[in-house]
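# What the coordinates show
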Amino acid sequence: MRLTLRRAVAALLVPVIGLVSLTVGAAPAGAADFYDPPSPLPAGSPGDIIRHQEARFFLDPAKLVPAPARVQRILYRSTDTHGNPVAVSGTVLTPTVPWTGPGVRPIIGYAAGTQGLGDQCAPSKALAMGQEYEGPFLAGLLSRGYGIAITDYEGLGTPGVHTYVNRKAEAYAVLDAIRAAQRLPEAGLPAGGPVALAGYSQGGGASAAAAELQGSYAPELDLKAAYAGAPPADLAAVAENLDGHYAVGFLMFAVAAINYAYPELDIPAVLNDRGRALQQQVESECTGDAILKHAFTRTADLTADGRPITAYLGEEPYASAVAEQRIGTIPPKAPVLVLHSGLDDIVPYAQGREMARDWCAEGAAVRFETLAAPTHVGGAVAAYPLAYAWLDGRLHGAPATTNCGDF
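Quick caveat: nothing in here was measured; it's all calculated off a predicted structure.

## Some details on the packing of helix α4 (residues 167–183) against helix α5 (residues 202–217)
- Their axes nearest at 7 Å, the elements α4 and α5 cross at an angle of 75°. Judged by the angle between their axes, α4 and α5 are roughly perpendicular. Where α4 approaches α5, its residues R167, K168, E170, A171, Y172, V174, L175, D176 and R179 are matched on the opposing element by Q202, A206, A209, A210, E212, L213, Q214 and Y217.
- By residue class, the composition of the contact of α4 with α5 is nine nonpolar, two polar and six charged.

Below, the structure written as structure tokens:
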């Protein structure tokens, strides 16, 4: 009865939260194809292209509406959490409309929101199938004449577990996707032109992390602005909110990702049989799976000692790994817009605002806006016009207006 009720409620929730990908039930796509990198990786630098191919981007699942862009799927060099080279896949979009702003065409490094951990969930695959839920926002950027570099992130499509909400790995993947777009002759994008960052939810955290680390990791990029929507900047606070939630599967995504990036933590040792099975299960799931199959699970039922997973996050050795993911410790060099709904039901509003406040205290140029739209998904849609206006202003040369001290 409990399982039936859980599935019924989850089934009602999924259509409401349209931000969630509905790719469910498919077998994980094997990596023995375009996404399978050579071993060892060829010599090179972060952002270097390993391989590329023409691809498609549709705005609908029936594949009747192609996006107004030339599309290249890419496999490129990046860097993992610990500074080691890794291959990451992604997509480069070159709009079919001309750039009418000043100078050369800018490139937006777009960080996708939560897709899942299974290889079949990679944004590059969803774009080709017309199932990428952020397609409408991307189409809006293309209509404005922006080139776009979209990373799949480490381990999403390529071998290994996707390093979900991992600060360094995601930031590096986003920045290196821009480098790759600049180095890909077939894309026809400027090699040293202006760039910006954008993303919401997981993508908001990745965009924010990339803005923080750009100065040290990719200082040659001419970064003009960043937009970070509903960023999960404090994973402990996000985890506390998600335990027992309809989106608790996202918390398990993070558990699996942390275990992969920090194997020395031996997270499976604190889980019971059910917990270990669920951790392995989510490694092949997309966001729709996570909601439909795991909604309202309490993590106290997944640990060997009956404590919730959140109880471990303040203890070593786990606390240090979680602290490494904290965003807000380094002031971005470019102006940043942070948008967050005060009624966000997945990523807590207070910790997103605290990230923006921390940046302000460190001297960064920040504009923070509280959205009134209910739910996490509602905030994403409400953010569209503000995000477009912010990026347009910075990339057309208008000075940024900040409001540090007022929020």
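## Considerations on the packing of helix α7 (residues 248–261) against helix α8 (residues 273–282)
- Remark: α7 packs on α8, axes separated minimally by 9 Å, with the N-to-C direction vectors making an angle of 90°. In terms of their interaxial angle, α7 and α8 are classed as roughly perpendicular. Contacts between α7 and α8 pair M252, F253, A256 and N259 from the former with L278, Q279 and V282 from the latter.
- For the contact of α7 with α8, a count of residues per class yields five nonpolar, two polar and no charged.

## As for the state of the cysteines
- Under the defined criterion, the tally for this structure stands at two disulfides.
- The connectivity of the disulfide-linked cysteines in the protein, indexed sequentially, is 1-2, 3-4.

## As for the sheet that holds strand β2 (residues 69–79)
- Read from one edge to the other, the open sheet built from nine strands follows the order β1-β2-β3-β5-β4-β6-β7-β8-β9, with strand pairing classed as mixed. Two strands close off the open sheet at either side, each with one partner strand: β1 (49–54) and β9 (366–374). The sheet shows a mean angle of 20° between the axes of neighbouring strands, direction not considered.
- Bridge analysis of strand β4 (residues 107–111) against strand β6 (residues 194–200) gives five bridges, and the strand direction is parallel. Paired with I107 across the two strands is V195, which belongs to β6.
- Across the sheet, α4 lies against β1, β2, β3 (85–95), β4, β5 (147–151) and β6, angled at about 125° from β2, the strand it touches most.
- Lying on the sheet, helix α11 (residues 349–361) is in contact with β8 (336–343) and β9; it crosses β8 at an angle near 155°.

## With respect to the environment of T287
- Take T287: it is sitting in helix α9 (residues 287–294).
- A relative accessible area of 1% means that T287 is categorised as buried.
- Note: C-alpha distance between T287 and M129 (158 residues apart in sequence) is 16 Å.

## Re the side chain of D119
- Within the secondary structure, D119 sits in the loop between β4 and α2 (123–129).
- For the buried D119, no salt bridge is present, and the opposite-charge side chain at shortest range is K125, 5.7 Å distant.
- A polar contact of 3.1 Å, which involves the side chain of D119, links it to the backbone nitrogen of G157.

## Re the packing of aromatic side chains
- The full count for this structure, using the stated rule, is 13 aromatic pairs.
- Centroid distance F137 to Y227: 6.5 Å. Interplanar angle 40°. Geometry classified as tilted. With F137 in helix α3 (residues 135–143) and Y227 in strand β7 (residues 222–229), this pair connects stretches of sequence that are 90 residues apart.
- Here Y227 falls in the buried class, since its relative accessible area comes to 3%.
- Between F250 and F253 the ring centres are 5.9 Å apart and the planes differ by 20°, which places this aromatic pair in the stacked class. Of this pair, F250 and F253 both sit in helix α7, three residues apart, roughly one helical turn.

## Thoughts on the environment of Q280
- Looking at the element boundaries, Q280 is found in helix α8.
- On the basis of relative accessible area, Q280 is assigned to the exposed category, the value being 57%.
- Separated by 15 residues in the primary sequence, Q280 and A295 place their C-alpha atoms 17 Å from one another.

## Quick notes on the pattern of salt bridges
- Evaluation of the coordinates by the stated rule reveals 14 salt bridges.
- Among the ionic pairs, D222 bridges to K224, the shortest N-O distance being 3.4 Å.
- K224 gets classed as partly exposed once you look at its relative accessible area, which sits at 35%.
- A salt bridge links K293 to E285; its shortest N-O distance comes to 3.9 Å.
- For K293, a relative accessible area of 33% translates into the label partly exposed.
- Looking at E285, the relative accessible area reads 2%, which means it is buried.

## Topic: α5
- Along its length, α5 reaches its greatest deviation from straightness, about 35°, at A211.
- Buried residues dominate α5, accounting for 14 of its 16 residues.

## Concerning α9
- Counting buried positions over the eight residues of α9 gives six, a clear majority of the element.
- Among all positions of α9, only T287, G288, D289, A290, I291 and H294 are buried.
- In the stretch just after α9, F296 is the one whose phi turns positive, near 70°.

## Focus on the confidence of the model for the protein
- Counting all residues, the mean pLDDT for the protein is 93, and 92% of those residues have values of 70 or more.
- Taken together, the stretch residues 1–31 has pLDDT below 50 and engages in 53 contacts with residues farther than four places along the chain or on a different chain.

Conventions and cut-offs
- Residues numbered from 1 in each chain as written.
- Predicted model: local features only at pLDDT ≥ 70, side-chain atom pairs only at ≥ 80, totals over all residues.
- Heavy atoms only, no water.
- Axes fitted to C-alpha atoms, helices over the stretch in contact; angles between N-to-C directions.
- Helix = DSSP H or I, 4+ residues; strand = E, 2+ residues; numbered from the N terminus.
- Parallel < 35°, antiparallel > 145°, perpendicular 65-115°, else oblique.
- Contact = heavy atoms within 4.5 Å.
- Nonpolar A, V, L, I, M, F, W, Y, C, P; charged D, E, K, R; others polar.
- Disulfide = S-S within 2.5 Å.
- Pairing = 2+ DSSP bridges.
- Buried < 20%, exposed > 50% of the residue type's maximum accessible area, 1.4 Å probe, protein only.
- Lys, Arg positive; Asp, Glu negative; His and termini not counted.
- Salt bridge = Lys/Arg side-chain N within 4 Å of Asp/Glu carboxyl O.
- Polar contact = N/O pair within 3.5 Å; in protein donor to acceptor, adjacent residues only side chain to side chain.
- Phe/Tyr/Trp six-rings, centres within 6.5 Å; stacked < 30°, edge-to-face > 60°.
- Bend = angle between axes of the 7 residues up to and from the residue.
- pLDDT = per-residue confidence, 0-100.

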